[in-house]
Structure formats: C-alpha cells, structure tokens
Amino acid sequence: MKFSFRNYAFPLILLSSIIIGSVIGYNNEGVGIALKPIGDFFLNLLFVVVVPLVFFSVASSFANGGGEKFGKIMRNMSGVFLFTGIIAAIIMLVVMKVYPPAHGVHIPIVKPDATDKVSVAEQIVNTFTVNDFSGLFSRSNMLAIIVFAVLVGLATNKAGDKADIVKKLLSSANVVIMNMVNYIMYLAPVGLGAYFAYLVPTYGKELLGSYERVFVLYYVTAILFYFIVYSIIAYMAGGSYGFKIYWKNVLPSTLTSLGTCSSAATIPTNFESAEKMGVSKNIRETVIPLASALHKDGSVMGGVVKIAFAFGVFGMNFSGLNIYLVTIGIALLVGMVMGAIPNGGMIGEMLILSLFGLPVESLPILAAISTIIDPPATMLNATGDLSVSMLVERLTNGKKAA
C-alpha cells in the first residue's frame, strides 16, 4: 500500500490544531475560556445538522432496504452490538473486582435537589418516544428520532411503487445533508482547537480530588480496550489489511469524539471514515446512526464503574454471580439509553439508582464520575461504531470490509 500524505493531511491538521489549542489552554486559562465560543460555534453547527442527518440516513436506508440482505444487516448488527457490549462489560467488571474503585475513597453524602419520581418503565418509554412531534427535533431524543425514522422508512418501503417519490425525497435529502456536513467539517480544525483550549484547564481541575482512582482505572482500561479490542475486531473484519485500513482512518473520529464529548457529533466524521474503510453505503448508512444511539462500549464500561463505585461507597456487597449478571445487564441498558450528547448520562444514572435500589444520595456521586470519564468513554463509543460497521460488512457480504 503506497503511502500518500493526502490520506493523512486532514487528521494531521486536526491533531495539530488540538495540540495548539491544548497548549494555549494549559498556559493561559483565561484565553482558553475566551476561545470557547469559537468551539461552541462549530459544535452548534454539528448539533443542528445531526438531527436531520440521523433521520434521513436511517429513513432512506429502511425505505430503500428490504429483502434478505437488509434483514441480514439488522441481524448481524444486533449480534455485533451485543457481542462487543458484553465484552466491554466483562472486562470492566474484572478490573473493578481486582481494583475496587471506591477503595479508600470517602465522599460526603449530599442529597441532590428534589426531583420527580419516575418509574423505570416510564424512563424507558421517555427514552424511546416523545409525547409531541416537536420533541423529535431535539438531539436530546436521539432514540426517539431513530424510532420515528425507522417507522417512516418501513412504511415507505411497504408502500412500494406508490411511494417512489418519497423514497427519492428521502435519498435526495440525505445527499444534501451529507454535503452540508462536508461544509461544516471544514471548520473542524479551528473549532476543535478552540474547544480543547477550553477543555484542558476545565477538565484539569475537575479531575483533582477524590476520584483519581476512578480516573486512572477507567482511562487505562479504555486506552487498552481502544487499541487491543478494536484492533481484534478490525482484524476479524478484514484481516491484516482491515487492521491497517482501520487505524489509517480512525484518527479523525477519535479526535472529534474527544474534542466534542459527543458520539452524535462524530456521526458525520464516522460516515466519511467508514467509507474510506470500505464499508458499503447501505451498511454504513444503517449501522453508523443506529450505533451512535445503541452501541456504546465506553458507556457500558462506565455503567459498570458507577455501579461498583456506588456499592463501595455505601458499603454494599459487590460480589456473587447474580450481582455480576445484573450489573452486566444494567450496564448494557445504560449504554443503550444514554444520550449521544455531552453529559447525556443522567437517564442512565437514574436507571442504575432505580434498578439497584441505591439511595438517591448516590446521584451526584455518579454524575461526577460521568464528568470524569466522559472524554474516553465517548471516544470508545464513537470509534467502536467504525469497527463494528466493518465487522457487519464482513458478516453481511461475506467479504473483507476493506
């Protein structure tokens, strides 16, 4: 494979911008904070486009899908999502048993502000649906948007020739939105550089205190998972060439996810990277948007950490096969319901409290952990979507994704 600097130009520009921004923020906190609006401008453009992007990509994929191949894509995608999620949960569970995250940590219990009590069933309903059509236009309801897009796509597909104009409309709109994304990504170097200038001094202070153990355990495990597990998946998908093509193209998504702390904001970058990795159009336009909402290895690992930490803080026994299985199950559910936006874990934390019967005082404790682990968790969520899209390509089409 001949080396071409052009293939690495944009990732290197992004990396250089982030390094420059980080240095600026580290040396002068005031300047870093002052640059935040520039980063926010870029993020706001991404967040505005992500709702129509997800809707039209999913709806057009289902509207134009069908037959054995489309059903095979969905089956393979579901199986791969479950497989990697279970692996992530088990690995973190082992780490938590070997190195208890709450060991030697003493956190004063402070009750959060009073909140309305919502049952687990109501939380799940509110995650997958909204009670008004206007609620679909918010990135906070990504799963509801996907459910609606799937229904539109299936209904259009069911209508057959009578809905040809709708199929063309959805496909054309998807092309237009992708062109908008390309324009917005021209601002990525400036936007991400400015945002890192703000993040470095902000997170640097946030990570001090009594959470160092959680910080070290999660970050080390996440980095190892990123390099080892996703390398294995890429190799399964495309052999040695799949391994090379994955690591050749994953850097833009890695940097975008770290800079934005949003797997939703990384969808546009993932579309472009998946195409370069050899993932076919119908698979990447189905898997990438759904994966951003349903496939979150980093959030699954974070769910295990939060459960183990809460058990340790409140002196509960974190052992036994039943506890382990329930922890894995809840972690998978947490990974699915967490919003694909910065600090979108509140729903997941409420589920942990409700399903384990933990005291309400643990809510601010778990929220603090979410803040600490957010960057690497988002990185795993976003880059994992690329590796699984390659594997789905291999399983569906019977050939190497690359």
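Source: prediction; values computed, not measured.

The rules behind each value
Residues numbered from 1 in each chain as written. Predicted model: local features only at pLDDT ≥ 70, side-chain atom pairs only at ≥ 80, totals over all residues. Heavy atoms only, no water. Helix = DSSP H or I, 4+ residues; strand = E, 2+ residues; numbered from the N terminus. Buried < 20%, exposed > 50% of the residue type's maximum accessible area, 1.4 Å probe, protein only. Contact = heavy atoms within 4.5 Å. Areas by Shrake-Rupley, 256 points an atom, 1.4 Å probe, with all protein chains shown as cover. UniProt positions renumbered as here; feature names shortened; annotations may be inferred. Core = buried A, V, L, I, M, F, W, Y, C linked by side-chain atoms within 4.5 Å. Phe/Tyr/Trp six-rings, centres within 6.5 Å; stacked < 30°, edge-to-face > 60°. Lys NZ or Arg CZ within 6 Å of the ring centre and 35° of its normal. Patch = residues over 30% accessible without salt bridge, like charges linked within 9 Å, V, L, I, M, F, W, Y side chains within 5 Å. Salt bridge = Lys/Arg side-chain N within 4 Å of Asp/Glu carboxyl O. Expected span 1.5 Å × (residues − 1). Bend = angle between axes of the 7 residues up to and from the residue. Axes fitted to C-alpha atoms, helices over the stretch in contact; angles between N-to-C directions. Parallel < 35°, antiparallel > 145°, perpendicular 65-115°, else oblique. Left-handed = near helix turned anticlockwise from the far one by under 90°.

Caption draft 1: How the structure looks around the overall build of the chain. Looking only at helices and strands, the chain features 16 helices and zero strands. Residue burial in the chain is summarised as follows: out of 402 residues, 52% are buried. Excluding contacts between residues fewer than 6 apart, the proportion of contacts in the chain whose partners are at least 24 apart in sequence is 83%. Of the accessible surface of the chain, which amounts to about 17700 Å², a share of 66% is contributed by carbon and sulfur atoms.

Caption draft 2: Just the UniProt feature "transmembrane region" (unreviewed entry) in the chain, in detail. Within this structure's numbering, the places UniProt gives as "transmembrane region" (unreviewed entry) are residues 41–59, 80–99, 136–155, 176–196, 216–238, 323–341 and 353–373. Taken end to end, residues 216–238 has its terminal C-alpha atoms 32 Å apart, with 100% of it in helix and 0% in strand.

Caption draft 3: Representation of the nonpolar core. Judged by nonpolar contacts, the single largest core of 105 residues is most densely connected at Y218 and L380. Considering each element in turn, this core owes the most residues, 15 residues, to helix α3 (residues 36–63). Beyond its immediate chain neighbours, meaning those up to four positions away, L380 contacts Y218, A222, F225, Y226, Y230, G298 and M301.

Caption draft 4: Layout of the packing of aromatic side chains. Considering all chains together, one arrives at 13 aromatic pairs under this definition. The interplanar angle of 70 degrees and the centroid separation of 6.2 Å between the aromatic rings of F318 and Y324 together place this pair among those described as edge-to-face. Classification of F318 by relative accessible area gives buried; the value is 10%. Its relative accessible area of 21% is what places Y324 among the partly exposed residues. Of the aromatic side chains, those joined through ring pairs into one cluster are F55, F56, F133, F137 and F148. Just above the ring of Y198 sits the side chain of K36; from NZ or CZ to the centre is 5.1 Å.

Caption draft 5: Representation of a nonpolar patch on the surface in the model. A cluster of nonpolar residues, F83, I87, V216, V220, I223, L224, F227, I228, I232 and M236, forms a patch on the protein surface that exposes about 890 Å² of accessible area. Among the elements of the structure, α4 (67–98) and α9 (212–249) are those that each provide at least two residues to the nonpolar patch. Positionally, I223 belongs in helix α9.

Caption draft 6: Region of interest: the pattern of salt bridges. Enumeration according to the criterion identifies four salt bridges in this entry. A salt bridge links D40 to K36; the nearest nitrogen and oxygen atoms lie 2.8 Å apart. Of this pair, D40 and K36 both sit in helix α3, four residues apart, which is roughly one turn of that helix. Under the relative-accessibility criterion, D40 is labelled partly exposed at 21%. The partner of E275 in a salt bridge is R284, and the shortest N-O contact between them spans 3.9 Å.

Caption draft 7: Summary view of α9. Across its 38 residues, α9 extends only 32 Å between first and last C-alpha, which sits more than 12% below the 56 Å expected from 1.5 Å per residue. Roughly 130 degrees is the biggest bend found in α9, and it falls at G238.

Caption draft 8: View of helix α12 (residues 281–294). With 14 residues, α12 should cover 20 Å at 1.5 Å per step; its first-to-last C-alpha distance of 20 Å lies within 8% of that length. Those residues of α12 not exposed but buried are I283, R284, E285, T286, V287, I288, P289, L290, A291, S292 and A293.

Caption draft 9: Representation of the packing of α3 against α12 in the model. The geometry of α3 relative to α12 is characterised by a closest axis approach of 9 Å and an angle of 130 degrees between their N-to-C directions. The angle between α3 and α12 places the two elements in the oblique class. The handedness of the crossing between α3 and α12 is left-handed. On the side of α3, the interface is formed by V54, S57, V58, S60, S61 and F62, while α12 contributes N282, E285, T286, P289 and L290.

Caption draft 10: Spotlight on the packing of helix α6 (residues 142–159) against helix α7 (residues 164–185). Between α6 and α7, the shortest axis-to-axis distance is 9 Å and the interhelical angle comes to 140 degrees. When the axes of α6 and α7 are compared, the pair comes out oblique. Crossing geometry of α6 relative to α7 is assigned as left-handed. Packed against α6, whose contacting residues are V152, T156 and N157, the element α7 presents V166, K167 and L170 at the interface.

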